Amino acid sequence: MQNFTYYAPTEVIFGKNAEERTGKEVKKWGGSRVLLVYGGGSVKKSGLLEKIQKDLTKENIQWDELGGVKPNPRLSLAEAGVEKALKIGADFILAVGGGSTIDTAKAIAHGAANPELDLWDIWTEKVPLKKSLPVGTVLTISAAGSEMSDSAVLTNEKIGKKKGLSTELNRVKFAIMNPELTYTLPKYQVTCGIVDIMMHTLDRYFTHSKGNEITDEIAQALLRTVIKNGRKAFDNPKDYQAMSELMWCGSLSHNGITGLGAEKDFGPHKIGHELSAKYDVAHGASLSAIWKAWAEYVYMEEPDRFAQYARTVWGIQEMDSVKAACLGIEATVDFFRSIHMPVSIGELEIGVRPEEELDDMAARATGNDTFTVAKFKELHEKDILEILKKANH
């Protein structure tokens, strides 16, 4: 194992009716004036938002709300949230939703704690982030893992740039997880979440780091669990056991534990972010659409690693590493297809793209070839362009 520092301080309250503890948790972490952040109408229609508002009131906690968070969360809404948080004197930000909502809440917390700083300057690390407001979450979607991660993403819609920020100040204080809150999700959101959970581990798993046995075993077990329960959830999104396994896998997949002691890659995520930023496609769909092309482009860097994945996750018996690697890639793509996820750019709603648009994405991903992306195989602008071309059918 390589040296590492691991810190995952988020308190997890998991299980049926867990959301009934929201007010007490906010109060425990010092919240008295809360900005509630949420997305579309689903949390209102389900009654969840009203339930949480009543619970906060019962604990004598003042609150105001900010709705309208969309997938690929927007900088402009986060900036509006900062203004509202400052106006009401918020001392706690509470996210009710999935990854986009949680990431927006994190951004608002950073901006409200540092009103003298420009939020995009914080996000692009032009200025140091030294403090933030506390954040909690009531999770409604198993996908991004933002409820336990040190990362968040924002899309600056003015310049078409989607960027992640990693900092320990992104760790939320508590995460309330009731798998039953996912029952109202459209099936497409469930399957996008399944892909995202897998990718958070796969982007850590494909590494040249050696001697990482326990971390590998955790990653492999998590992937097998997601695949098994992902199939069940696809057939029945109200299967409590399947949805509970997926919810916990989502948190573990992105809280750092599946990649401890290894170099992270995150190449597919970087490319997927460009698709999401340019065409506003769902994050999970952007990942499944480019993964096959990425995997086929890089696997010969270390076919033994891909072969290990094929054997331990998919049960492939082939002894030849190159053949096993290819079979593992094929099995992954077949699984994505089985849950009706796109496996090429052409299968996205945007369709096949002209080559000049692919050129633009490759340039954006690498800052016009001023830096490389990923670690398993360092990707220059020309490499990302080739991957996008392979995926563009």
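A quick note: this is a predicted structure, and the numbers were derived from the prediction, not measured.

Draft legend 1. Representation of the sheet that holds strand E5 (residues 135–139) within the structure. Read across the sheet, six strands follow the order E1-E8-E5-E4-E2-E3 without closing on themselves; strand pairing throughout is parallel. Strands with a single pairing partner mark the edges of an open sheet, and in this sheet they are strand E1 (11–14) and strand E3 (62–66). Between one strand and the next, the sheet's axes are offset by a mean angle of 20 degrees, whatever the strand orientation. In this sheet, strand E8 (residues 174–177) lies alongside E5 in parallel orientation, the contact comprising four bridges. Pairing of threonine 137 across the sheet is with alanine 175, part of E8.

Draft legend 2. Local environment of the nonpolar core. The biggest cluster of nonpolar side chains holds 70 residues, and the ones touching the most others in it are Trp291 and Phe306. Setting aside residues up to four positions removed in sequence, phenylalanine 306 forms contacts with Phe206, Trp291, Trp294, Ala295, Val298, Tyr299, Ala325, Ile329 and Phe376. Listed in part, the 34 residues of the second largest apolar core include Val82, Ala112, Leu154 and Ala175.

Draft legend 3. View of a nonpolar patch on the surface. On the surface, Met1, Phe4, Tyr6, Ile214 and Ile218 cluster together into a nonpolar patch covering about 460 Å² of accessible area. Here tyrosine 6 shows up in the segment before E1. Overall, tyrosine 6 belongs to the partly exposed group, its relative accessible area being 33%.

Draft legend 4. Expanded view of the side chain of histidine 273. Locating histidine 273 in the fold gives a position in helix H10 (residues 267–279). When its relative accessible area of 12% is taken as the criterion, histidine 273 is described as buried. Excluding its chain neighbours within four sequence positions, the residues that come into contact with histidine 273 are Val153, Lys162 and His283.

Draft legend 5. Looking closely at the packing of aromatic side chains. Evaluation of the coordinates by the stated rule reveals 15 aromatic pairs. Ring centres of phenylalanine 206 and phenylalanine 376 lie 6.2 Å apart, and the angle between their planes is 70 degrees; on these two criteria the pair is classed as edge-to-face. In this pair, phenylalanine 206 is assigned in the loop between helix H7 (187–205) and helix H8 (213–235) and phenylalanine 376 in the loop between helix H14 (355–365) and helix H15 (381–391), connecting sequence segments 170 residues apart. Of the two residues, phenylalanine 206 and phenylalanine 376, neither departs from the other in class, the shared state being buried. The rings of Tyr205, Phe206, Trp291, Trp294, Tyr299, Phe306, Tyr309, Trp314, Phe335, Phe336 and Phe376 are connected pair by pair, giving a single aromatic cluster.

Draft legend 6. The arrangement of unusual backbone geometry in detail. In the Ramachandran plot, asparagine 368 falls in the positive-phi region, its phi being about 55 degrees despite a non-glycine side chain. Following the sequence through the fold, asparagine 368 ends up in the loop between H14 and H15. On the basis of relative accessible area, asparagine 368 is assigned to the exposed category, the value being 60%.

Draft legend 7. The arrangement of the packing of helix H11 (residues 283–298) against H15 in detail. Running from N to C, H11 and H15 point in directions that differ by 125 degrees, and their axes come no closer than 8 Å. On the basis of the axis angle, H11 is oblique to H15. Crossing hand, H11 versus H15: right-handed. Across from Ala289, Ile290, Ala293, Trp294, Glu296 and Tyr297 in H11, the residues of H15 making contact are Asp383, Glu386, Ile387, Lys390 and Ala391. Of the residues in the contact of H11 with H15, the class split is seven nonpolar, no polar and four charged.

Draft legend 8. Fine view of helix H5 (residues 99–113). Taking 1.5 Å per residue, 15 residues should reach 21 Å; H5 reaches 21 Å between its end C-alpha atoms and fits that length. Burial runs high along H5: 14 of the 15 residues are buried.

Draft legend 9. How the structure looks around the pattern of salt bridges. Across all of its chains, the model carries 26 salt bridges by this definition. Here glutamate 25 ties to arginine 21 by a salt bridge, and the two come within 3.2 Å at their closest N and O atoms. Take arginine 21: its relative accessible area is 40%, and that puts it in the partly exposed class. Its salt-bridge partner being arginine 171, residue glutamate 168 comes within 3.0 Å of it at the nearest N-O pair. Residue class for arginine 171 comes out buried when judged on its relative accessible area of 11%.

Draft legend 10. Local environment of H15. Every buried residue belonging to H15 is among Asp383, Ile384, Leu385, Ile387, Leu388 and Ala391, and all of these are buried. Lining the buried residues of H15 we find H10, H11 and H14.

Draft legend 11. A look at the environment of leucine 35. Here leucine 35 lies in strand E2 (residues 33–38). A relative accessible area of 0% means that leucine 35 is categorised as buried. Separated by 73 residues in the primary sequence, leucine 35 and isoleucine 108 place their C-alpha atoms 9.4 Å from one another. When sequence neighbours within four positions are dropped, the list of residues in contact with leucine 35 reads Asp64, Glu65, Leu66, Gly81, Lys84, Ala85, Ile88, Ala90, Phe92, Ile93, Leu94 and Ile108.

Draft legend 12. Representation of the side chain of serine 209 in the model. Tracing the backbone through its elements, the reader meets serine 209 in the loop between H7 and H8. Using a relative accessible area of 11% as the deciding quantity, one classes serine 209 as buried. Among the polar contacts listed, one links the side chain of serine 209 to the side chain of glutamine 2, at a separation of 3.1 Å. Residue contacts for serine 209: discarding those within four places in its chain leaves Gln2, Gly261, Ala262 and Glu263.

Draft legend 13. Main features of the pairing of strand E4 (residues 92–97). For E4, a buried count of six out of six residues is recorded, marking the element as mostly surrounded by other parts of the structure. By the alternation rule, side chains of E4 split into Phe92, Leu94 and Val96 and Ile93, Ala95 and Gly97, which are all buried. Judged from the five bridges that link them, E2 and E4 form a sheet pairing that is parallel. When the bridges of E4 are listed, valine 34 appears paired with phenylalanine 92. In the sheet, E4 pairs with E5 via five bridges, with the strands oriented parallel. If you follow valine 96 over to E5, its bridge partner there is valine 138.

Conventions and cut-offs
- Residues numbered from 1 in each chain as written.
- Predicted model: local features only at pLDDT ≥ 70, side-chain atom pairs only at ≥ 80, totals over all residues.
- Heavy atoms only, no water.
- Pairing = 2+ DSSP bridges.
- Helix = DSSP H or I, 4+ residues; strand = E, 2+ residues; numbered from the N terminus.
- Axes fitted to C-alpha atoms, helices over the stretch in contact; angles between N-to-C directions.
- Core = buried A, V, L, I, M, F, W, Y, C linked by side-chain atoms within 4.5 Å.
- Buried < 20%, exposed > 50% of the residue type's maximum accessible area, 1.4 Å probe, protein only.
- Contact = heavy atoms within 4.5 Å.
- Patch = residues over 30% accessible without salt bridge, like charges linked within 9 Å, V, L, I, M, F, W, Y side chains within 5 Å.
- Areas by Shrake-Rupley, 256 points an atom, 1.4 Å probe, with all protein chains shown as cover.
- Salt bridge = Lys/Arg side-chain N within 4 Å of Asp/Glu carboxyl O.
- Phe/Tyr/Trp six-rings, centres within 6.5 Å; stacked < 30°, edge-to-face > 60°.
- Parallel < 35°, antiparallel > 145°, perpendicular 65-115°, else oblique.
- Left-handed = near helix turned anticlockwise from the far one by under 90°.
- Nonpolar A, V, L, I, M, F, W, Y, C, P; charged D, E, K, R; others polar.
- Expected span 1.5 Å × (residues − 1).
- Polar contact = N/O pair within 3.5 Å; in protein donor to acceptor, adjacent residues only side chain to side chain.

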